[in-house]
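Listed below, chain by chain, are the residues.
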Amino acid sequence: MSSPATPAPLLVACLCAAWCRVCEGYHEVFAQLRQQHPDWRFLWVDIEDDAELVDDLEVETFPTLLVGRGAELLFLGPVTPELATVQRLLAALETAPPQTQASPAGRALLARLQQSCC
């Protein structure tokens, strides 16, 4: 009897802007998450500096997280910038099914991030 395949590691991208003071304070939370999950990929994406990467995805609230597993978009939305909140969200998403109603722009951004080198 074979064991189920281990799910691919999560990609967690924070979509922020340099001028956003909430995002500025979120750097520390994001660094702590990165330390807690060294096997996951964490990306900081400035929606203005990386506008060609973000493309036509509308980000209206900061910080916004995009979480994916392989080509599956698991979450795309704003989060409160508190470590415990994001830890609970990521724990729930680690085994969650993909979003069935995921936005095409969100899925496209996930694909671009999965292919990016940074």
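Here, the structure is the one placed above.
Rules and cut-offs
Residues numbered from 1 in each chain as written. Predicted model: local features only at pLDDT ≥ 70, side-chain atom pairs only at ≥ 80, totals over all residues. Heavy atoms only, no water. Helix = DSSP H or I, 4+ residues; strand = E, 2+ residues; numbered from the N terminus. Expected span 1.5 Å × (residues − 1). Buried < 20%, exposed > 50% of the residue type's maximum accessible area, 1.4 Å probe, protein only. Arc of directions from axis to C-beta. Contact = heavy atoms within 4.5 Å. Lys, Arg positive; Asp, Glu negative; His and termini not counted. Salt bridge = Lys/Arg side-chain N within 4 Å of Asp/Glu carboxyl O. Polar contact = N/O pair within 3.5 Å; in protein donor to acceptor, adjacent residues only side chain to side chain. Pairing = 2+ DSSP bridges. Right-handed = clockwise from strand over helix to strand, strands pointing away.

Engineer: Looking at this structure, how should I read helix H4 (residues 104–115)?
Structural biologist: Structural remark: α-helix, 3.6 residues per turn; residues separated by three or four positions point the same way. The terminal C-alpha atoms of H4 lie 17 Å apart, and with 12 residues this matches the ideal 16 Å at 1.5 Å per residue to within 8%. Taken together, the buried positions of H4 are Gly 106, Leu 109, Leu 110 and Leu 113. Taken end-on, H4 shows its buried residues confined to a sector of 105 degrees, consistent with a single buried face. Exposed and facing more than 90 degrees away from the buried side of H4 are Pro 104 and Gln 115. Looking at the packing, one finds that the buried side of H4 touches strand S1 (10–16), strand S2 (41–46), helix H2 (51–54), strand S3 (64–69) and strand S4 (72–78).

Engineer: What is the right way to look at unusual backbone geometry in this model?
Structural biologist: The general pattern is negative phi for most residues beyond glycine and trans for most peptide bonds. Between Phe 62 and the following residue, Pro 63, the backbone shows a cis peptide bond with an omega angle of -10 degrees. Examined against the element boundaries, Pro 63 turns out to sit in the loop between H2 and S3.

Engineer: In this structure, what is going on with the side chain of Asp 46? I would like to understand it.
Structural biologist: Inspection of the secondary structure assignment puts Asp 46 in strand S2. No salt bridge is formed by the buried Asp 46; the nearest opposite charge belongs to Arg 21, separated by 9.6 Å. A distance of 2.9 Å separates the side chain of Asp 46 from the backbone nitrogen of Ala 18, its partner in a polar contact. Excluding anything up to four places from it in sequence, Asp 46 contacts Cys 16, Ala 17, Ala 18 and Ala 51.

Engineer: Explanation requested: the pattern of salt bridges in the structure shown.
Structural biologist: As a working rule, side chains carrying opposite charge can pair if their charged atoms are close by. Scanning the model with the defined rule gives 2 salt bridges in all. Of the charged contacts, one joins Arg 21 and Glu 24 as a salt bridge, the two residues approaching to 2.4 Å between their closest N and O atoms. With Arg 21 and Glu 24 both in helix H1 (residues 21–36), this residue pair falls 3 residues apart, about one helical turn. The class for Arg 21 is exposed, based on a relative accessible area of 54%. Between Arg 69 and Glu 72 there is a salt bridge, with the nearest N and O atoms lying 2.9 Å from each other. Under the relative-accessibility criterion, Arg 69 is labelled buried at 10%.

Engineer: Is there a simple way to think about helix H3 (residues 83–93) in this case?
Structural biologist: Residues Val 86, Leu 90 and Leu 93 constitute the buried set of H3. For H3, the buried positions fall inside an angular range of 60 degrees around the axis, keeping them on one side. Opposite the buried face of H3, by more than 90 degrees, sit the exposed residues Arg 88 and Ala 92.

Engineer: Please clarify how the pairing of S2 should be interpreted in this entry.
Structural biologist: Where S1 and S2 come together, 6 bridges link them in parallel fashion. Residue pairing across strands places Leu 11 opposite Arg 41, the latter belonging to S2. Since S1 and S2 lie parallel, the crossover through H1 that links them has a hand, and here it is right-handed.

These values are about where atoms sit, not about what they do.
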